Amino acid sequence: MRILAIETSCDETAVAVLECSGTLPVPEFKVLGNSLMSQIHIHKEYGGVYPMLAKREHIKNLPILLPKTMQEADNSDVDYIAVTSGPGLEPALWTGIEFAKELGKKWGKRVIPVNHMEGHLFSYMFEQSKPIEFPAIALLVSGGHTELVHVEDFDKYKIIGRTRDDAVGEAFDKTARLLGLPYPGGPKISELAEISRNRGGVPAFHFPRPMIKSGDLNFSYSGLKTSVLYTTRKLGELDLKTKESLAEAFEDAAIEPLVEKTRAAANLHGAKTLIVGGGVAANKLLRKNLQALADELSLDFRLPIQSLTTDNAIMIGIAAYVRLLTNRAESPDEIVARGNLDL
Ligand code: KG4
Ligand code: ZN
């Protein structure tokens, strides 16, 4: 079965055609066509994503990416069109939805709305050789979300912990701005932190680990950002070495609660598998520490390939196929953008 997938929830315009085969728990995916246009260079000067700018760019990009992707896929017929309907920036989501609906009408194909977070949740499936065992705990970490999910089956999952304020990716982005580093902050902070860590010695700074002892599975990242703000204000002009030390201290403080709450969630639910997804899943320290946790608790650790951690259309196609396989793929007459859509 072939699925054309469209993703426009934030600052990436992405289109992919997937050949999907097999069934759960180990479906197979082959990418026939895939293109992505990042708007990072446009949002860079603002240090974050501007919804109306994102919308304008998606409207411009989609008619370029569609023929390019279809050509890569030899213009082969598709069976379904999948489109992200939420969560995300509503003006951005609407552009993808309108585009998909029009295409669906023109081609006479069903349009399946997809939850972006299901895309992150199932992105590990792109490359796997053996079935996963349930229950699983999934840690979904991106620019907009920080969630722990109890996954009992491919069609049964529940959020058991989430951030009360900022998402962890957002904290990376805001801290980067305070350190005068470019958007998105994650990769750059991580790079500087690694330099400082490799230098060794006693860390020059220490930031509090938000909510680490809260006794629940929730997170909070606005306080950490404020701590970095006060520290940088006190320091004044920052040289590169100080930025590296601050990046290390921030990264340690941001990652530790993720790992510790994941540990608590896995113990609480007797998890056999640990899944991670979302842009922050690209973070090396997080991957390393989650791997160590998985080894310690004998969990099967599943993570997406690096290129599928940040937003892309392949994961939207995968999530649509999982919905089809579990008989949950709806094609309502009216697909609506829902900025706060939950898993
Ligand atoms: O999943 P994603 O592409 O978009 C959303 O759905 O939000 O995630 C983007 C987020 C950004 O906040 C970015 O700073 C963060 O992922 N990110 C990272 C890394 N690479 C991307 N955070 C930490 N370390 C990284 N290596
Ligand atoms: Zn995302």
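Summarised in this report is the structure supplied together with it. (Residues numbered from 1 in each chain as written. Chains lettered and ligands numbered in written order. Predicted model: local features only at pLDDT ≥ 70, side-chain atom pairs only at ≥ 80, totals over all residues. Heavy atoms only, no water.)

## A word on the layout of surface pockets
Right, so step 1: Space inside the largest pocket adds up to approximately 1,300 Å³.
Right, so step 2: Lining the largest pocket are 48 residues, with Ser 142, Gly 143, Gly 144, Asp 173 and Tyr 183 sitting closest to its centre.
Right, so step 3: Elements supplying a minimum of two residues to the lining of the largest pocket: helix H4 (116–122), strand S7 (146–153), helix H5 (168–178) and helix H6 (185–199).
Right, so step 4: With six residues, H5 is the largest single contributor of residues to the lining of the largest pocket. (1 Å grid on protein atoms, 1.4 Å probe; cavity = no way out; pocket = protein on both sides within 12 Å on 5 of 7 lines; lining within 4 Å. Points joined across faces, edges and corners; volume = space filled by probe spheres on them. Helix = DSSP H or I, 4+ residues; strand = E, 2+ residues; numbered from the N terminus.)

## Regarding the site of ligand 1
Right, so step 1: The local shell around ligand 1 holds 19 residues, among which Gly 143, Asp 173, Gly 279, Asn 283 and Asp 311 are the closest.
Right, so step 2: Side-chain polar atom of His 116 to an oxygen atom of ligand 1: 3.3 Å apart, as the coordinates give it.
Right, so step 3: Gly 279 places a polar main-chain atom, nitrogen or oxygen, 3.0 Å from an oxygen atom of ligand 1.
Right, so step 4: Across the complex, the protein chains shield 90% of the 550 Å² of accessible surface that ligand 1 would expose by itself.
Right, so step 5: At a threshold of 2 Å from the grid points, most atoms of ligand 1 map onto the largest pocket.
Right, so step 6: Secondary-structure elements contributing two or more residues to the shell around ligand 1 are H4, H5 and H6.
Right, so step 7: Here the shell around ligand 1 is built from residues that sort into five nonpolar, twelve polar and two charged.
Right, so step 8: Two domains each donate at least three residues to the shell around ligand 1, and these are domain 1 (2–125 + 307–325) and domain 2 (136–303). (Near = heavy atom within 4 Å. Polar contact = N/O pair within 3.5 Å; in protein donor to acceptor, adjacent residues only side chain to side chain. Areas by Shrake-Rupley, 256 points an atom, 1.4 Å probe, with all protein chains shown as cover. Sits in = over half its atoms within 2 Å of the grid points. Nonpolar A, V, L, I, M, F, W, Y, C, P; charged D, E, K, R; others polar. Domains from an automatic or database assignment.)

## Here we look at unusual backbone geometry
Right, so step 1: That bond from Gly 86 to Pro 87 is cis: its omega, -10°, falls within 30 degrees of zero.
Right, so step 2: Topologically, Pro 87 is positioned in the loop between strand S4 (80–86) and helix H3 (90–107).
Right, so step 3: Across the junction of Tyr 183 and Pro 184, the peptide omega takes the value -5°, indicating a cis bond.
Right, so step 4: When you line up the elements, Pro 184 lands in the loop between H5 and H6.

## Description of the environment of Val 141
Right, so step 1: Looking at the secondary structure, you find Val 141 in strand S6 (residues 136–141).
Right, so step 2: With 26 residues separating them along the chain, Val 141 and Ala 167 place their C-alpha atoms 7.5 Å apart.
Right, so step 3: Not counting the four nearest positions on each side in its chain, Val 141 is found in contact with Thr 146, Val 168, Leu 258, Val 276, Gly 277, Gly 278, Gly 279, Val 280, Ala 281 and Leu 286. (Contact = heavy atoms within 4.5 Å.)

## A word on the sheet that holds strand S2 (residues 12–21)
Right, so step 1: Reading across from one edge, S3-S2-S1-S4-S5 is the order of the five strands in this open sheet, with mixed pairing throughout. Here the strands that pair on one side only, and so sit at the sheet edges, are strand S3 (28–38) and strand S5 (110–115). Within the sheet, the average angular offset between the axes of one strand and its neighbour, ignoring direction, is 20°.
Right, so step 2: Alignment of strand S1 (residues 2–7) against S4, held across four bridges, turns out to be parallel. Counted as the bridge partner of Ile 3 is Tyr 80 from S4.
Right, so step 3: Along the sheet face, H3 touches S1, S4 and S5 and points at about 160° away from the line of S4. (Pairing = 2+ DSSP bridges. Axes fitted to C-alpha atoms, helices over the stretch in contact; angles between N-to-C directions.)

## Thoughts on the coordination of the zinc ion (ligand 2)
Right, so step 1: Distances from the zinc ion (ligand 2) to its protein donors, His 116 (NE2), His 120 (NE2) and Asp 311 (OD), fall at 2.0 to 2.1 Å.
Right, so step 2: We note that the donor set of the zinc ion (ligand 2) lies within a single chain, spaced as H-x3-H-x190-D. Of the two residues, His 116 and His 120 are both situated in helix H4; the distance of four residues between them amounts to about one turn of the helix. The pair formed by His 116 and His 120 is uniform in burial state, with each residue classed as buried. (Donors = N, O, S within 2.8 Å, 3.2 Å for Na, K, Ca; no water. Buried < 20%, exposed > 50% of the residue type's maximum accessible area, 1.4 Å probe, protein only.)

## A short note on the side chain of Ser 245
Right, so step 1: Assignment of secondary structure puts Ser 245 in helix H8 (residues 240–268).
Right, so step 2: Not counting residues up to four positions away in its chain, the partners in contact with Ser 245 are Ser 196, Arg 199, Ala 204 and Phe 205.

## Comments concerning H6
Right, so step 1: Here H6 contains 15 residues, and its C-alpha end-to-end distance of 21 Å stays within 8% of the 21 Å for a straight helix at 1.5 Å per residue.
Right, so step 2: Along H6, the positions that sit buried rather than exposed are Gly 185, Ile 189, Ser 190, Leu 192, Ala 193 and Ser 196.
Right, so step 3: In the segment just after H6, Gly 200 is the residue with positive phi, at about 75°. (Expected span 1.5 Å × (residues − 1).)

## A look at H5
Right, so step 1: Residues Val 168, Gly 169, Ala 171, Phe 172, Asp 173, Thr 175 and Ala 176 constitute the buried set of H5.
Right, so step 2: In the core, the buried residues of H5 are packed alongside S6, S7, H6, helix H7 (222–235) and H8.
Right, so step 3: Looking one or two places after H5, you find Gly 180, whose phi comes out positive at around 70°.

## Some remarks on the environment of Tyr 80
Right, so step 1: Take Tyr 80: it is sitting in strand S4.
Right, so step 2: Among the residues examined, Tyr 80 registers a relative accessible area of 18% and is labelled buried.
Right, so step 3: Along the backbone, Tyr 80 and Val 17 are 63 residues apart, and their C-alpha atoms lie at a distance of 9.9 Å.

## Points about the sheet that holds S7
Right, so step 1: The strand order across the open sheet formed by five strands is S8-S7-S6-S9-S10, and the pairing between neighbours is mixed. The sheet terminates laterally at strand S8 (156–162) and strand S10 (300–302), the two strands that pair on one side only. Averaged over all pairs of adjacent strands, the angle between strand axes in this sheet comes to 20°, irrespective of strand direction.
Right, so step 2: The sheet contact formed by strand S9 (residues 273–277) and S10 spans three bridges and is parallel. When the bridges of S10 are listed, Thr 273 appears paired with Asp 300.
Right, so step 3: Strands in contact with H8 are S6, S7, S8 and S9; relative to S6, the strand with the most contacts, it is inclined by about 155°.

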